[in-house]
Amino acid sequence: MGDLSPAGNVRASDVLPRRIGVLGGTFDPVHIGHLRGALEVAEMMALDELRLTPNARPPHRDTPQVSALDRLAMVECAVAGVATLVVDPRELQRDKPSYTIDTLELMRAELAADDQLFLLLGWDAFCGLPMWHRWEELLQHCHILVLQRPDADSEPPDALRNLLAARSVSDPLALKGPGGQIAFVWQTPLAVSATQIRQLLASGKSVRYLVPDAVLAYIDAHGLYRASN
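Residues numbered from 1 in each chain as written. Predicted model: local features only at pLDDT ≥ 70, side-chain atom pairs only at ≥ 80, totals over all residues. Heavy atoms only, no water.

The protein chain goes by Probable nicotinate-nucleotide adenylyltransferase in an unreviewed UniProt entry, where it is assigned to Pseudomonas endophytica. In its Sequence similarities (unreviewed entry) section, the UniProt record describing the protein chain reads: "Belongs to the NadD family." In its Function (unreviewed entry) section, the UniProt record describing the protein chain reads: "Catalyzes the reversible adenylation of nicotinate mononucleotide (NaMN) to nicotinic acid adenine dinucleotide (NaAD)." (UniProt positions renumbered as here; feature names shortened; annotations may be inferred.)

Explain helix 7 (residues 213-222) to me, please; I cannot follow it from the model alone.
Residues spaced three or four apart along an α-helix point in a common direction, a consequence of the helix completing one turn every 3.6 residues. Every buried residue of helix 7 is accounted for by Val-215, Leu-216, Tyr-218 and Ile-219. An end-on view of helix 7 places all buried positions within 160° of arc, on one side of the element. Of the exposed residues in helix 7, the ones pointing more than 90 degrees away from its buried face are Asp-213 and Ala-221. For helix 7, the secondary structure elements touched by its buried residues are helix 2 (68-79) and helix 6 (194-202). In the segment just after helix 7, Gly-223 is the residue with positive phi, at about 60°. (Buried < 20%, exposed > 50% of the residue type's maximum accessible area, 1.4 Å probe, protein only. Helix = DSSP H or I, 4+ residues; strand = E, 2+ residues; numbered from the N terminus. Arc of directions from axis to C-beta. Contact = heavy atoms within 4.5 Å.)

What is the right way to look at helix 2 in this model?
Helix length check: helix 2 (12 residues) gives 17 Å between terminal C-alpha atoms against 16 Å at 1.5 Å per residue, within 8%. Among the residues of helix 2, Asp-70, Arg-71, Leu-72, Ala-73, Met-74, Val-75, Ala-78 and Val-79 are the ones counted as buried. Gly-81, located one to two residues past helix 2, shows a positive phi value of around 90°. (Expected span 1.5 Å × (residues − 1).)

I keep staring at the packing of helix 2 against helix 7 and nothing clicks. Help me out?
Geometry of a packed helix pair, given as the angle between the helix axes and the separation of the axes. Closest axis-to-axis distance for the helix 2/helix 7 pair is 8 Å, and the angle between their directions is 150°. The orientation of helix 2 with respect to helix 7, classified from their angle, is roughly antiparallel. Packed against helix 2, whose contacting residues are Leu-69, Asp-70, Ala-73, Met-74, Cys-77 and Ala-78, the element helix 7 presents Ala-214, Val-215, Tyr-218, Ile-219 and His-222 at the interface. Residue classes in the contact of helix 2 with helix 7 are distributed as nine nonpolar, one polar and one charged. (Axes fitted to C-alpha atoms, helices over the stretch in contact; angles between N-to-C directions. Parallel < 35°, antiparallel > 145°, perpendicular 65-115°, else oblique. Nonpolar A, V, L, I, M, F, W, Y, C, P; charged D, E, K, R; others polar.)

What exactly am I supposed to notice about the pairing of strand 1 (residues 19-25) here?
Taken across its seven residues, strand 1 has six buried, putting it largely inside the fold. Since strand 1 and strand 2 (residues 49-54) lie parallel, the crossover through helix 1 (residues 32-44) that links them has a hand, and here it is right-handed. (Right-handed = clockwise from strand over helix to strand, strands pointing away.)

Would you mind showing me how to read the nonpolar core here?
Nonpolar side chains in soluble globular proteins tend to end up buried together. Ranked by size, the top nonpolar core spans 38 residues in total, and within it Val-30, Val-41, Leu-50, Leu-52, Met-74, Leu-120 and Leu-145 carry the most contacts. Per-element tally for this core: the top contributor is helix 2, with five residues. The residues touching Met-74, leaving out its near neighbours within four places in the chain, are Phe-27, Pro-29, Val-30, Val-66, Val-215, Tyr-218, Ile-219, Leu-224 and Tyr-225. (Core = buried A, V, L, I, M, F, W, Y, C linked by side-chain atoms within 4.5 Å.)

See below:
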């Protein structure tokens, strides 16, 4: 098909680049901290979609406590009915460690050349980038949004200082092109962690209001994170 020029028809050249966010994690379990942070970024950055991508075997973290299928199901429960937040299960379908560079390469190959891809990282994860597999190549495929809380006062490692000096942009809304830059996004601090939730459940205490009701129902129905597991 060629470009359609009659009034009322949109030509291919008039279509705006898509804006896609990616938030990975073990989501063991997914909780309101993950979800509220994701929604804030999706709205602020006017993303077309933000993909929550559960890790299968994260190389730099302990093995998740529950199965990949359970973690995937909980994330799907959590985002049901939220149009901007979607679940991308591709890392759970690979029988190897979840390297972010592999995921970004696959996603980029599926997108148009000028579509924007944004990788969301917490401050601690960002500071650990020099330990990641092929970390120097990440910005070839995406922009990086560093989610930093106002109480974060640690300094980035030396290996990142030059990268920040060369690639950081003060305004995340000013990020141009399909990738290659870094910006910081200030997040509302929510003192919630998956570790805390697992500990509460193991001791028989309630985690209501720390996870969405649908996730709590799934945890209860499947007896997840109980002391007997």
